[in-house]
Amino acid sequence: MKFTFNVSKCDRIFYELFNYGNIRLSHVIPSAEELKRHAYCKWHNSFLHATNDCNVFRRQIQSAVD
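Predicted, not measured: the structure shown is a model, and the values here were computed from it.

Criteria and thresholds
- Residues numbered from 1 in each chain as written.
- Predicted model: local features only at pLDDT ≥ 70, side-chain atom pairs only at ≥ 80, totals over all residues.
- Heavy atoms only, no water.
- Buried < 20%, exposed > 50% of the residue type's maximum accessible area, 1.4 Å probe, protein only.
- Helix = DSSP H or I, 4+ residues; strand = E, 2+ residues; numbered from the N terminus.
- Arc of directions from axis to C-beta.
- Contact = heavy atoms within 4.5 Å.
- Salt bridge = Lys/Arg side-chain N within 4 Å of Asp/Glu carboxyl O.

Pulling in residues and values, what's your account of helix α3 (residues 55-65)?
Each full turn of the α-helix corresponds to 3.6 residues, which orients residues three or four apart in the same direction. Residues of α3 that are buried include every one of F57, R58, I61 and Q62, and no others. Projected onto a plane normal to the axis of α3, the buried residues spread over an arc of 135° and lie on a single side. Exposed positions of α3 whose direction lies more than 90 degrees from the buried face are S63 and A64. Of the surrounding elements, those touching the buried residues of α3 are α1 (10-19).

Shown next as structure tokens:
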């Protein structure tokens, strides 16, 4: 899939959407101390990959842009 936005900004996009109430989560995002030096996906609540690398979240953003 071709993305028309800067995918390196997914983490920032997530926080903006979350802070404005466009995203609601059923989980609590770990503290900055807990996330230090660990990849973490805020969308999936997972330490398997970072939000910036999340293909599912990227597709959601692209779908909203389109």
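Got a sec to walk through the pattern of salt bridges? Specific residues and values, please.
In the structure shown here, the tally under the stated rule is four salt bridges. Across the salt bridge formed by E16 and R12, the nearest N and O atoms sit 2.8 Å from each other. Residue E16 and its partner R12 are both found in helix α1; the two are separated by four residues, about one turn of the helix. For R12, a relative accessible area of 54% translates into the label exposed. A salt bridge links D53 to R58, with the shortest nitrogen-to-oxygen separation between them at 4.0 Å. In this structure R58 comes out as buried when scored by relative accessible area, which is 14%.

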